[in-house]
Amino acid sequence: MINWQIATAEVGGYWRLVISTLLSYVPALAVPLVIRRITMSGQRLTVLSLLYVAVVSLVVSFFVENTTVLVVANFFMWIGFFSLEASWESWFNEEKRRQDVSWASSVTMSGNQAALMIGPLFAPAIIQVVGTHGMVRALTAGFVLVAALSWAGGVRDAVVADTAVEAEAGPPAKPAAPLRLIATFALVWPVLGAFNLMLPLQVSDRGAGLVTVGIVDACLGIGVIVAGVVSARAKLPSAMLSTLVIACTLVGGVLWALPTGGASVIAMALSTFALGVGFGALRIALREYTATHYDAAVTSQAVALGNATAIPILAVVFLVSGAAQPLVWVAPFLLVIVMCYSFQGIRIWKTSLKT
């Protein structure tokens, strides 16, 4: 909604949307510093991050009409969200011995995307019943509840694992995430950021409205869910996965570029669906691969540093797109292809170390 209001402004909509998007990613710079100074399991970091977000949310509930406070609180809130992302990847990695990694990666990614789609649909109705203050406080309670469930669900196993590791290996060594892994994670948020930037701009330029933005945006999420279902049932070889990702991305790009059909809601929806399938399959494979080949500490650091590195990448993408604004839609499709080749580079490099 906010992006749509900025994008449809009469003057300077593109650059104001660029600034707004980049500012939302600035908190990612602080997360690697936080992760580096915290030595705990992914499960414990998840609990701590959720409680941190709950505290910020509680403060926000008293100042929802104060724009300045909301801007400042949004910055601190995203520190918690980016920390949560790193902790979840680390926790997922820690659970790999007790789970079918491929199945778990597919299901968790699909569930996450479904929640992102369902939440905005129910939020307006809930706000009408309990009001904005009540909605924010309900979210605060939700964060606390999930923190409690996360603590109860993993603390016993985490304590046993930590004790065993400390007894056998002594003080844990500082993680050292490979640059190739960091570079691949660094492209995740630029794909989403570039998509969130181009969507309202392109839909507005093609004469459609906010409802179209919602439909087309939802199709990206549906594509990710479909990728999760397929990945859970079929373990694709590396070469086939790359072919699938690139093929879906190219099909999506062609549909969006069609001079006449591309302006229709159906063509745009199919385009983002194809993009979602390719991007979703790639993210699921990346999560599975890191859980299989790297320990939790390395994964957590790679995600945190990758998120921080995403900011300058986004800045470059936005500057280049600004010079050719009608082609701003190219960015998310191109970034998925680059991310695919980066991921393939990790596989090849990792294989070469064994020979």
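Source: prediction; values computed, not measured.

Re the nonpolar core
Piece 1. Ranked by size, the top nonpolar core spans 63 residues in total, and within it Leu 181, Leu 197, Trp 256 and Phe 318 carry the most contacts.
Piece 2. Among the elements that take part in this core, helix H8 (residues 188-205) stands out by supplying 11 residues, more than any other.
Piece 3. Residues within four places of Leu 197 in sequence aside, it is in contact with Tyr 14, Leu 17, Val 18, Thr 21, Phe 318 and Val 328.
Piece 4. Of all hydrophobic cores here, the second largest spans 13 residues; its members include Leu 50, Ala 54, Val 56 and Val 136.

Some remarks on the packing of aromatic side chains
Piece 1. Evaluated as defined, the whole model comprises 3 aromatic pairs.
Piece 2. Ring centres 6.5 Å apart and planes at 55 degrees place the aromatic pair Phe 81 and Phe 143 in the tilted group. Here Phe 143 lies in helix H6 (residues 101-169) and Phe 81 lies in helix H5 (residues 67-94), a separation of 62 residues in the sequence.
Piece 3. For the pair Tyr 289 and Phe 343, a centre-to-centre distance of 5.7 Å together with 90 degrees between the ring planes defines the contact as edge-to-face. Highlighted residues: Tyr 289 in helix H11 (residues 265-293) and Phe 343 in helix H13 (residues 330-353), separated in sequence by 54 residues.
Piece 4. With relative accessibility at 7%, the residue Tyr 289 sits in the buried group.
Piece 5. Residue Phe 343 is classed as buried on the basis of its relative accessible area of 1%.
Piece 6. The cationic tip of Arg 137 hangs over the ring face of Phe 62; the distance from NZ or CZ to the ring centre is 4.8 Å.

Each value, and the rule that gives it
- Residues numbered from 1 in each chain as written.
- Predicted model: local features only at pLDDT ≥ 70, side-chain atom pairs only at ≥ 80, totals over all residues.
- Heavy atoms only, no water.
- Core = buried A, V, L, I, M, F, W, Y, C linked by side-chain atoms within 4.5 Å.
- Buried < 20%, exposed > 50% of the residue type's maximum accessible area, 1.4 Å probe, protein only.
- Helix = DSSP H or I, 4+ residues; strand = E, 2+ residues; numbered from the N terminus.
- Contact = heavy atoms within 4.5 Å.
- Phe/Tyr/Trp six-rings, centres within 6.5 Å; stacked < 30°, edge-to-face > 60°.
- Lys NZ or Arg CZ within 6 Å of the ring centre and 35° of its normal.

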